[in-house]
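Coordinates in review
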Amino acid sequence: MFFLKKRPQKLDIQSGYDRWAPAYSHERNPIKSFSDEMIMKMLPNLNGKRVIDAGCGCGYFCRYAEQQDAKEIVGIDFSAKMIEQANKICKYTKFRVADIQHIDFQESSADVVISALVLGHLKKIEPIITRLSGALARDGVLVISDFHPFLSLKGQKRTFRAGKENFEVPHYVHMLNEYINLLTQCGLTIMHMEEPIWKDNPVIFALKARKI
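Residues numbered from 1 in each chain as written. Predicted model: local features only at pLDDT ≥ 70, side-chain atom pairs only at ≥ 80, totals over all residues. Heavy atoms only, no water.

Counting secondary structure elements, the chain contains 7 helices and 12 strands. Compactness check: the chain gives a C-alpha radius of gyration of 16 Å against a globular reference of 17 Å for 212 residues, within 12% of the reference. A principal-axis box enclosing the C-alpha atoms of the chain has dimensions of 45 × 35 × 30 Å. Taking all 212 residues of the chain together, the buried fraction comes to 55%. For the chain, the exposed area adds up to about 10,400 Å²; of that, 48% sits on carbon and sulfur atoms. Across the chain, the centroid of the 30 positively charged side chains sits 4 Å from that of the 24 negatively charged ones. (Helix = DSSP H or I, 4+ residues; strand = E, 2+ residues; numbered from the N terminus. Rg over C-alpha atoms; globule rule 2.2 N^0.38 Å. Buried < 20%, exposed > 50% of the residue type's maximum accessible area, 1.4 Å probe, protein only. Areas by Shrake-Rupley, 256 points an atom, 1.4 Å probe, with all protein chains shown as cover. Lys, Arg positive; Asp, Glu negative; His and termini not counted. Charge placed at Lys NZ, Arg CZ, Asp CG, Glu CD.)

If you look at the biggest cluster of nonpolar residues, it comprises 42 residues, and the most contacted ones within it are Leu-43, Leu-46 and Val-51. In this structure, Leu-43 is in contact with Tyr-64, Val-112, Ile-114 and Val-143, ignoring residues within four places of it in sequence. (Core = buried A, V, L, I, M, F, W, Y, C linked by side-chain atoms within 4.5 Å. Contact = heavy atoms within 4.5 Å.)

To continue, consider the pattern of salt bridges. This structure, assessed with the given rule, holds 5 salt bridges. The closest approach of N and O atoms between Glu-194 and Lys-41, which form a salt bridge, is 2.6 Å. Linking Glu-194 in strand E9 (residues 188-194) with Lys-41 in helix H2 (residues 30-42), this pair joins segments that are 153 residues apart in sequence. The class for Lys-41 is exposed, based on a relative accessible area of 51%. Its salt-bridge partner being Asp-146, residue Arg-158 comes within 2.9 Å of it at the nearest N-O pair. Separated by 12 residues along the polypeptide, Arg-158 in strand E7 (residues 158-162) and Asp-146 in strand E6 (residues 136-147) bring together distant segments of the chain. (Salt bridge = Lys/Arg side-chain N within 4 Å of Asp/Glu carboxyl O.)

So, on to the pairing of E7. Each regular strand carries side chains that alternate between the two faces of the sheet. Among the 5 residues that make up E7, 4 are buried, leaving the element largely enclosed by the rest of the structure. The sheet contact formed by E7 and strand E8 (residues 165-169) spans 5 bridges and is antiparallel. Note on E8: the bridge partner recorded for Arg-161 is Asn-166. Adjacent in sequence and paired antiparallel, E7 and E8 are bridged by 2 residues, among which Gly-163 carries a positive phi angle near 65°. (Pairing = 2+ DSSP bridges.)

Bringing helix H4 (residues 80-89) into the picture now. Here H4 has its buried residues at Met-82, Ile-83, Gln-85 and Ala-86. Buried positions in H4, seen along its axis, are confined to an arc of 160° and lie on one side of it. Elements in contact with the buried residues of H4: helix H1 (13-24), strand E3 (72-77) and strand E4 (94-97). (Arc of directions from axis to C-beta.)

Time to look at the sheet that holds E3. Reading across from one edge, E4-E3-E2-E5-E6-E12-E9 is the order of the 7 strands in this open sheet, with mixed pairing throughout. Because the sheet does not close on itself, it has two edges, and the strands there are E4 and E9. Ignoring which end each strand starts from, the neighbouring axes of this sheet average 15° apart. Relative to E3, strand E2 (residues 50-54) runs parallel, the two sharing 5 bridges. Its bridge partner being in E3, Arg-50 is matched across the sheet by Glu-72. Against the sheet, helix H3 (residues 60-67) engages E2, E3, E4 and strand E5 (110-116), with an angle of about 175° to E3. (Axes fitted to C-alpha atoms, helices over the stretch in contact; angles between N-to-C directions.)

Moving on, we get to the sheet that holds strand E1 (residues 9-10). Spatial ordering of the open sheet is given by E1-E8-E7, a layout of 3 strands whose pairing is mixed. Of all the strands in the sheet, just E1 and E7 have a single pairing partner and so form its edges. Along the sheet, H1 contacts E7 and E8; its crossing angle with E7, the most-contacted strand, is approximately 35°.

Looking at where Met-38 falls in the secondary structure, it is placed in helix H2. Looking at Met-38, the relative accessible area reads 5%, which means it is buried. In the structure, Met-38 is positioned 158 residues away from Pro-196 in sequence and 8.6 Å away in space, judged by C-alpha atoms.

Here is the structure:
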């Protein structure tokens, strides 16, 4: 999922991630690697916590939450193929095949909410940020990452490789101030932000916010 010279085939998001699922957990590229690193850096101690991973993919962070003895873990992804992979590495996470845009999260049902490399696929982020913020209990933490808008404005696309073919999935530009303003309006305080650089470009951003 990065700079590709050959024009990729365009897929809708669900078809793209279904196709990507078998190789996703093994892939290493600057976007995914920096995102994983920054999310891990920002996560609090998960021992005894209730965790929601919104857009859990192959279950990387769900497995980490299990290793940290989280009390309850819910992983949600609209790709059944991704969930199939996640079930192979997780023991007690409850997985749901669903679109996070259409879930009414129970109020104050989580201590930690994770959403990694997901929200940029959505045309509008206000509804989902409102839902995810509402799912947090008081003092709960939301950690998100995504493709940096700088790259989008330069014309870079969200792409991946499956076999010998390159594919592109839809992505929308949401500036960092949009995220920050929405989180603040939802009663969250920004605690930390990272914008790691690769080849002189910020490639992702990651935000950590606490519900007050």
